[in-house]
Amino acid sequence: MSTTPEPEPCAPRPALVFDDPLDQQSSDDIDRGWGERPEGDSAADLKRFLDEKPPHHL
């Protein structure tokens, strides 16, 4: 007598979400990440300024 194995249950598919994406807050809507840096000393600020200065501003 041959027994056939039962198929394994499939994982449930994620539900479709029809919410309005504009109702959700994005990372652009908050102040964090818009160039804030931890407080540092003026030497670090000068180094960053010189590192990020475009070459035509020498």
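Refer to the structure above for everything that follows.
A brief look at the structure comes next. (Residues numbered from 1 in each chain as written. Predicted model: local features only at pLDDT ≥ 70, side-chain atom pairs only at ≥ 80, totals over all residues. Heavy atoms only, no water.)

**Quick look at the overall build of the chain**
Now for step 1: In terms of regular secondary structure, the chain is built from one helix and zero strands.
Now for step 2: The proportion of buried residues among the 58 residues of the chain is 0%.
Now for step 3: With the model as given, the accessible surface of the chain reaches about 6,500 Å², and the carbon-plus-sulfur share is 56%. (Helix = DSSP H or I, 4+ residues; strand = E, 2+ residues; numbered from the N terminus. Buried < 20%, exposed > 50% of the residue type's maximum accessible area, 1.4 Å probe, protein only. Areas by Shrake-Rupley, 256 points an atom, 1.4 Å probe, with all protein chains shown as cover.)

**Notes on the pattern of salt bridges**
Now for step 1: By the definition in use, this model includes two salt bridges.
Now for step 2: Here Asp-51 ties to Lys-47 by a salt bridge, and the two come within 2.8 Å at their closest N and O atoms. With Asp-51 and Lys-47 both in helix H1 (residues 42-52) and four residues apart, the pair spans about one turn of that helix. This pair shows no difference in class: Asp-51 is exposed, exactly as Lys-47 is.
Now for step 3: Salt-bridge contacts for Arg-48 lead to Glu-52; the nearest nitrogen and oxygen are separated by 3.0 Å. You can see Arg-48 and its partner Glu-52 sitting in helix H1, four residues apart, about one turn around the helix.
Now for step 4: On the accessibility criterion, Glu-52 (52% relative accessible area) is exposed. (Salt bridge = Lys/Arg side-chain N within 4 Å of Asp/Glu carboxyl O.)

**Observations regarding the environment of Asp-51**
Now for step 1: Exposure remark for Asp-51: the relative accessible area of 54% places this residue in the exposed category.
Now for step 2: Polar contacts involving the side chain of Asp-51 include one to the side chain of Lys-47, which spans 2.8 Å. (Polar contact = N/O pair within 3.5 Å; in protein donor to acceptor, adjacent residues only side chain to side chain.)

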